Every structure is written in structure tokens, then in C-alpha cells.
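# Geometric and topological summary
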Amino acid sequence: MKNAMLNGIIVLTMVGCESKQRYTQNSKEIETVKTIFDNYINGDWDAYKSHYADNAQIFINATENNPANIQELIAQQKIEIEGLSSYSIDTENQNLEMVLDDNGETWVNYWGVWKGTLAANQETFEIPIHITFEFVDGKIVKELGYWDNSKITLAMMQIQAAEAAKSTDTDPEQ
């Protein structure tokens, strides 16, 4: 009887000590994020969209009281890359991790560098970015992204101002 009780305690201890892996750098969710980045670079917006739940909430440089949806995200990204001759995400020096948090939520965190070249003057920018994705049933349900666009925005404003000044100088009615 003592052996049965002892074996029972050992089994309960072993089962009680088992837990899900809470952190990894290799997962299907991480592979999905890499695929999304490839879709973005290749302009394959339908494939890009397919990784998001229909009701996904997206917060790019925004607070959580101002969500966007996937259609709005894609529309914004198309506008942002319009004036670029090239753009990429540095896949050599990126860091990706998947975390199962205390609430049982699955998140993939990305840290890396976005690179882009303005078509108007060939000025190149490297912008550090952080994006975190929440997954449910293999789909992204929430995305939060943070980076500083100010340098590229300022450069584009300067180009527009120079073009406006140039057209004013050459306008015969002025």
C-alpha cells in the first residue's frame, strides 16, 4: 500500500511539473510572421491578408483605443511605399520570439530594421521597428507596431516643398 501511495505521489508530482513551453524562437507562428514580411515585400496583399482574422485589430503607432483593420493597414502600407524605389525588411539581423503569456495568449515579437529608398532622390533610410502579433487558431487577431517615421516623413515633405517651389518659379502666370 505504501508503494502504491508513493508511486501515486511521484506520478502526480511529475504531471504537476509538466508545463507548456512558454518561449521559443521556432514556431509555426514565427514562420507566419516571416511569410507576412515576404508578402509585404512582394506586394502580395491577398496572401498578406490571409494570415489575419477577419476581426483583427491593428495598432501601428497608435493607442489601443484607435484600432485599424487589415484593409486599412494594407491601404496605408500601399500609400507609404508609393514614393519608394525600393524597400525591405532586414532578415539577417532580425530577432523573433514566440511567447505564451500568463493569460494563455500566444504572441510573436519582432525586432528588426525596415529599409527604404526614396524614388525622388535615392536617399536611403533604415528604421528600427518592433511589431508584436497575437495569434489565435493560427491567425493574427491583434498587431501592435512601433517605429519612428519622422525622418522619412520630413524628407518627403522637403521634396514636396522643393517641387512646389520649382513649379512656382517656372509658372509664367506668377
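Residues numbered from 1 in each chain as written. Predicted model: local features only at pLDDT ≥ 70, side-chain atom pairs only at ≥ 80, totals over all residues. Heavy atoms only, no water.

## Quick word on the side chain of E97
How we decide: Under the scheme used here, helices are H or I runs from DSSP no shorter than 4 residues and strands are E runs no shorter than 2 residues, and both carry numbers assigned from the N terminus. Burial classes: relative accessible area under 20% of the type maximum marks a residue as buried, over 50% as exposed, and values in between as partly exposed (1.4 Å probe, protein chains only). Positive charges come from Lys and Arg alone, negative charges from Asp and Glu alone, with His and the N- and C-terminal ends not counted. Salt-bridge detection follows one rule: a side-chain nitrogen of Lys or Arg within 4 Å of a carboxyl oxygen of Asp or Glu. The contact rule is simple, with two residues in contact once any of their heavy atoms fall within 4.5 Å.
With respect to the helices and strands, E97 occurs in strand β4 (residues 95–100). Buried and unpaired, E97 has R22 as its nearest opposite-charge partner, separated by 11 Å. E97 has contacts with Y23, T24, Q25, I30, W107, V108, N109 and W111, leaving out every residue within four places of it along the chain.

## Thoughts on unusual backbone geometry
Phi angles above zero are rare outside glycine, and N61 is one such case at about 50°. The topology assignment puts N61 in the loop between β2 (52–60) and α4 (70–81). Phi is positive for D137, which is not a glycine, with a value near 55°. Take D137: it is sitting in the loop between β6 (124–136) and β7 (139–147). On the accessibility criterion, D137 (79% relative accessible area) is exposed.

## Section: the pairing of β7
Rules: Here, any two strands with at least 2 DSSP bridges between them count as paired.
Pairing analysis gives five bridges linking β2 to β7, with the strands arranged parallel. Looking at β7, one finds that F59 is bridged to L144. Direction of pairing for β6 relative to β7: antiparallel, over a ladder of eight bridges. Within β7, the position partnered with H130 by the bridge is Y146.

## Here's the deal with the packing of aromatic side chains
Our working definition: Pairing of aromatic rings covers Phe, Tyr and the six-membered ring of Trp, with a centre-to-centre limit of 6.5 Å; geometry is then stacked below 30 degrees between planes, edge-to-face above 60, and tilted otherwise.
Here the structure, examined in full by the defined rule, presents six aromatic pairs. Relative to Y87, the ring of Y40 has its centre 5.1 Å away and its plane inclined at 65°; by these criteria the two rings are edge-to-face. Residue Y40 is found in helix α2 (residues 28–42), and its partner Y87 is found in strand β3 (residues 84–89); the two are separated by 47 residues along the sequence. Overall, Y40 belongs to the buried group, its relative accessible area being 9%. On the basis of an interplanar angle of 25° and a centroid distance of 5.7 Å, the ring pair of Y48 and Y52 is categorised as stacked. Each member of the pair, Y48 as well as Y52, is classed as buried.

## A word on the nonpolar core
Nonpolar side chains in soluble globular proteins generally cluster together in the buried interior. The criterion, for reference: Throughout this description, the term nonpolar core refers to a set of buried Ala, Val, Leu, Ile, Met, Phe, Trp, Tyr and Cys residues connected via side-chain atoms within 4.5 Å.
By size, the foremost hydrophobic cluster in this structure holds 33 residues, and its most contacted members are Y40, Y48, Y52, W114 and F133. With six residues, the single largest contributor to this core is β6. In contact with W114, not counting residues within four places along its chain, are Y40, L84, Y87, S88, I89, F125, E126, I127, I129 and I152.

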